[in-house]
Amino acid sequence: MTNYLIDTNVFIEAKNRHYGFDFCPAFWDWLIDQNHTRNIASIDEVAKELHVVDDDLASWARRQNASFFLPKNEKVVQQAGLVSDWVCNSNNGYKDNAITTFLAAADYWLVAHALALECTVVTHEIRVSVNSKKHIKIPNVCDGFNLGCINPYEMLRAEGARFVLGSSEKLA
């Protein structure tokens, strides 16, 4: 069972900052290993967003198989309807532009997949206050469904990921 679904921004930030392919290949190997054990995945809509720029990340994403970037199925499409209903609910007060933007992005499908698979979403997005109606953030939508939503560092710690050189002794 997949425990975590990863958002586009996690891959992009990893490549651009903390886990560049040139100096931390262990991070990318860890993702692949975790996918092989069905612990981590992402979705086809995230893969599409990663392919927009033809770079090392797009090449890496193209090399992954369908078990890494999961396609939609009937259960996901059903959950997408619930997500759409929640986002469009007038009680949430989101502006039309925010709704249109959210429903057109991978974020919408990521939450639908997470609901269908009953797993945690991993993203760099941060919850916005209830007063903000111009942007719909993944953590806010996850909260609406009592769905787990954490940042990648929380996931790495929870899973005991370690990217060390030399000795594997625990650091103090």
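All figures in this text were calculated on a predicted structure; none of them were measured in a lab.

The final tally for this structure, using the stated rule, is one cavity of 30 Å³ or more. As for the largest cavity, its lining consists of Val10, Glu13, Ala14, His18, Tyr19, Phe27, His124, Pro152, Tyr153 and Leu156. When residues of the lining of the largest cavity are traced back to their parent elements, those giving at least two are helix 1 (8–18) and helix 9 (152–158). If one sorts the elements of the lining of the largest cavity by residue count, helix 1 sits on top with four residues.

Within this structure, the stated rule accounts for seven salt bridges. When the shortest N-O distance is used, the salt bridge between Asp44 and Lys72 registers 3.7 Å. Of the two residues, Asp44 is situated in helix 3 (residues 44–50) and Lys72 in the loop between strand 3 (69–70) and helix 5 (74–88); the sequence distance between them amounts to 28 residues. Relative accessible area serves as the criterion here: at 29%, Lys72 is assigned to the partly exposed category. Salt bridges here are not isolated pairs; linked through shared partners, they connect Asp44, Glu45, Lys48 and Lys72.

Now for the packing of aromatic side chains. Inspection of every chain in the model, using the stated rule, returns 16 aromatic pairs. Considering the side-chain rings of Phe11 and Trp60, the 5.8 Å spacing of their centres and the 40° angle between planes classify their relative orientation as tilted. Of the two residues, Phe11 sits in helix 1 while Trp60 sits in helix 4 (residues 56–63), which places them 49 residues apart along the sequence. Between Phe68 and Phe69 the ring centres are 5.0 Å apart and the planes differ by 50°, which places this aromatic pair in the tilted class. The burial state of Phe68 is the same as that of Phe69; both residues are buried. Chaining the aromatic ring pairs together yields one cluster made of Phe11, Tyr19, Phe21, Phe27, Trp28, Trp30, Trp60, Phe68, Phe69 and Phe163. The lysine or arginine in question, Lys72, covers the ring of Trp109, its NZ or CZ lying 4.8 Å from the ring centre. We note Lys133 situated over the ring of Tyr94; from NZ or CZ to the ring centre the distance is 5.3 Å.

A few words now on helix 7 (residues 106–117). Between its first and last C-alpha, helix 7 extends 16 Å over 12 residues, near the 16 Å set by a 1.5 Å rise per residue. Along helix 7, 11 of the 12 residues are buried, which leaves the element largely enclosed by surrounding structure. All of the buried residues in helix 7 are Ala106, Asp107, Tyr108, Trp109, Leu110, Val111, Ala112, His113, Ala114, Leu115 and Ala116. The positive-phi residue at the C-terminal boundary of helix 7 is Glu118, with phi of around 55°.

Moving on to unusual backbone geometry. Note: most residues except glycine have negative phi, and most peptide bonds are trans. One non-glycine residue, Glu118, adopts positive backbone phi at about 55°. Topologically, Glu118 is positioned in the loop between helix 7 and strand 4 (120–122). Residue classification places Glu118 among the exposed positions, given a relative accessible area of 60%. One non-glycine residue, Asn146, lies in positive phi territory at about 55°. Relative to the helices and strands, Asn146 resides in the loop between helix 8 (138–144) and strand 5 (149–150).

The subject of this paragraph is the sheet that holds strand 5. Here we have five strands laid out as an open sheet, ordered 3-2-1-4-5, and parallel in their pairing. Each edge of the sheet is formed by a strand with only one pairing partner; in this case those strands are strand 3 and strand 5. Where strand 1 (residues 4–6) meets strand 4, three bridges bridge the pair, whose relative direction is parallel. Residue pairing in the sheet places Leu5 in a bridge with Val121 of strand 4.

Scoring rules and cut-offs
- Residues numbered from 1 in each chain as written.
- Predicted model: local features only at pLDDT ≥ 70, side-chain atom pairs only at ≥ 80, totals over all residues.
- Heavy atoms only, no water.
- 1 Å grid on protein atoms, 1.4 Å probe; cavity = no way out; pocket = protein on both sides within 12 Å on 5 of 7 lines; lining within 4 Å.
- Points joined across faces, edges and corners; volume = space filled by probe spheres on them.
- Helix = DSSP H or I, 4+ residues; strand = E, 2+ residues; numbered from the N terminus.
- Salt bridge = Lys/Arg side-chain N within 4 Å of Asp/Glu carboxyl O.
- Buried < 20%, exposed > 50% of the residue type's maximum accessible area, 1.4 Å probe, protein only.
- Phe/Tyr/Trp six-rings, centres within 6.5 Å; stacked < 30°, edge-to-face > 60°.
- Lys NZ or Arg CZ within 6 Å of the ring centre and 35° of its normal.
- Expected span 1.5 Å × (residues − 1).
- Pairing = 2+ DSSP bridges.

That is the geometry; function is a separate question.
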